[in-house]
Amino acid sequence: MTHEAGWAHAPGALRGPSWLQAPRDANDLVPMLWSSTAHKTESGDLVVGGVPLADLVADHNTPAYVLDEADFRARARAFGDAFAGWDVYYAGKAFLCTAVARWISEEGLCLDVCSAGELTVALRAGVDPARIGYHGNNKTVAELRRAVAEGVGRIIVDSFQEVERVAMVAADTGMAARVMVRVTAGVEAHTHEFIATAHEDQKFGFSITSGAAFEAVRLLQEAPGVELLGLHSHIGSQIFDSSGFEVAARRVLALHARVSDELGVTLPEMDLGGGFGIAYTTQDDPADPAQLATEMGKIVEHECRALGIDQPRLSIEPGRAIVGPAMCTVYTVGTVKAVELDAGAVRTYVSVDGGMSDNIRTALYDADYSCTLASRRSEAAPVLTRVVGKHCEAGDIVVRDEFLPGDVAPGDLLAVPGTGAYCRSMASNYNHALRPPVIAVRDGVASVVVRRETEADLLATDVG
């Protein structure tokens, strides 16, 4: 029943979601949510990559993103091994810096970028341009010229205006523009509205249903200097159900076959996108790369056999699934407040020294996260808690519901797992907050790969 004062006042509002169960010991980690090297000592200190977070904080302060290099590399290798014979493009939008781009290249993966800035980072890291894919729904002529001049391996074309721009750049420069056509397969992925990208009513790609995708292929195939590689499909993000990929693959392969039949062109490649989900909380049940490879391979093999066509060279674009679990964020508790609601109910708010400026996903996508006390062991009973940030927004929530020890106090460290994807990359200076550093940890050594912003950085662009 809805309370006249709002949902938060309704009976049962403090029970938390049905999937969140009170732990027997609030000190324990849930391994599936953390990077592979994360563990707690007997004293309750959280250790990642052989580095106690309390020691890392003593050197680098909070908030800070902590990136487990060994875990990141292992996840990248797992995708490369599972999808042997496919091209695996790491989706740099999830998180990209020079070190990460270098790791991806060293592990044998390709790299997907979607802006001039991401391309700059990739080139700085020494990534082979031929192994870079360039996304974006509004690429400028200048961006396209640079991509062609640098020898980018594939440009994913997203609109009829871009078809014209690519053709013009190829003609003007006399250099080949290697392109794929992004198509919308009309799939309603089971995810949040803002990260579902294959249904018709959104900004990306050419509709298969309307015929726009076929027309884009025809125009690009006829354009001098343009090398058409194939079709690209991406159904969304944080996807756990392979049925969406199955429907998309069927429709994209049908278009692939039509292009062959009607235009006499056999497109050599096809990209099925990414969006593979990770475990943010215990409600999530992600597939591992081997399972994904088996399921997606069978889908494509079956559809190609049914259509009587040869299988194109396939590629995928995991981002979140590689970097998401490899990073956590560590905060310092500043304020603990017990807020009395109706009927004697009390909600415990734990405020940390970050918030929506370093993790916007809870506010933007209604995302769920977990967290743990990272600096000591507690014998206190677990209490349903809400972890919030320090910004001037009521919606500045980091972890909506979590059981933490009831004695969490100012000065304690809290760590939130699964923050590698779309946290630092979407971070902001809201309230003139300074964006946190990214500290890579491996074999007991902590290395800054992205430094903390300073007030001088803020003022550098403020011309007065």
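Residues numbered from 1 in each chain as written. Predicted model: local features only at pLDDT ≥ 70, side-chain atom pairs only at ≥ 80, totals over all residues. Heavy atoms only, no water.

Once that is clear, we can look at the nonpolar core. Judged by nonpolar contacts, the single largest core of 109 residues is most densely connected at Leu67, Phe72, Tyr90, Phe95 and Val100. Excluding its chain neighbours within four sequence positions, the residues that come into contact with Tyr90 are Phe72, Phe95, Val100, Ile104, Cys110, Leu111, Asp112, Pro318, Gly319, Ile322 and Val323. Core analysis: the second largest hydrophobic core is formed by 20 residues, Trp34, Ala38, Leu56 and Leu413 among them. (Core = buried A, V, L, I, M, F, W, Y, C linked by side-chain atoms within 4.5 Å. Buried < 20%, exposed > 50% of the residue type's maximum accessible area, 1.4 Å probe, protein only. Contact = heavy atoms within 4.5 Å.)

What follows concerns the pairing of strand E19 (residues 413–417). Counting buried residues along E19, 5 of its 5 residues qualify, which places the element largely inside the surrounding structure. Bridging between strand E14 (residues 327–340) and E19 involves 5 bridges; their strand directions are antiparallel. Each bridged residue has a counterpart across the sheet, and for Thr329 the counterpart in E19 is Val416. Alignment of strand E16 (residues 372–373) against E19, held across 2 bridges, turns out to be antiparallel. By the bridge assignment, Thr372 is partnered in E19 with Ala415. (Helix = DSSP H or I, 4+ residues; strand = E, 2+ residues; numbered from the N terminus. Pairing = 2+ DSSP bridges.)

Taken as a whole and judged by the stated rule, the model has 8 aromatic pairs. An angle of 75 degrees between the planes, with centres 5.7 Å apart, marks the rings of Phe72 and Tyr90 as edge-to-face. Taken as a pair, Phe72 in helix H2 (residues 69–82) and Tyr90 in strand E5 (residues 87–91) lie far apart in primary sequence, 18 residues in all. Here the two residues Phe72 and Tyr90 agree in accessibility, since each one is buried. Between Phe79 and Phe276, the ring centres sit 6.0 Å apart and the planes meet at 20 degrees, which makes this aromatic pair stacked. With a gap of 197 residues between them, Phe79 in helix H2 and Phe276 in the loop between strand E12 (269–274) and helix H9 (289–307) connect regions that are remote in the sequence. (Phe/Tyr/Trp six-rings, centres within 6.5 Å; stacked < 30°, edge-to-face > 60°.)

Looking at the secondary structure, you find Val445 in strand E21 (residues 445–450). If we skip the residues at most four places from it in the chain, Val445 touches Gly49, Val51 and Ala440.

Our next topic: the sheet that holds strand E2 (residues 46–48). Taking strand neighbours across the sheet as the criterion, the 3 strands line up as E1-E2-E3 in an open arrangement whose pairing is antiparallel. Two strands bound the open sheet, and with one partner strand each, they are strand E1 (39–40) and strand E3 (51–52).

All right, on to helix H5 (residues 141–150) then. Each α-helix turn comprises 3.6 residues. Residues three or four places apart therefore point the same way. Where H5 is concerned, the buried positions are Leu144, Ala147 and Val148. Looking straight down H5, one finds that the buried residues subtend no more than 95 degrees of arc, so they occupy a single side. Facing away from the buried side of H5 by more than 90 degrees, the exposed set consists of Ala142 and Ala149. Where H5 is buried, its residues touch strand E7 (132–134), strand E8 (154–157), helix H6 (160–173) and strand E9 (177–184). One or two positions beyond H5, positive phi appears at Gly151, with a value near 85 degrees. (Arc of directions from axis to C-beta.)

Covered by surrounding structure in strand E6 (residues 110–113) are Cys110 and Asp112 together with Leu111 and Val113, the residues of both alternating faces. As judged from the 3 bridges shared by E5 and E6, these two strands associate in the parallel manner. Within E6, the position partnered with Tyr90 by the bridge is Leu111. Once you follow E5 into helix H3 (residues 98–106) and on to E6, the crossover reads as right-handed. Two strands pair when backbone bridges link them, and E6 and E7 are joined in this way by 3 bridges, in the parallel orientation. The residue of E7 that forms the bridge with Asp112 is Gly133. (Right-handed = clockwise from strand over helix to strand, strands pointing away.)

Moving on: unusual backbone geometry. Cis geometry marks the peptide bond from Thr62 to Pro63; its omega dihedral reads -10 degrees. Checked against the element boundaries, Pro63 lands in the loop between helix H1 (53–60) and strand E4 (64–68). Even without a glycine there, the phi angle at Gln238 is positive, about 55 degrees. Here Gln238 is to be found in the loop between strand E11 (226–233) and helix H8 (243–263).

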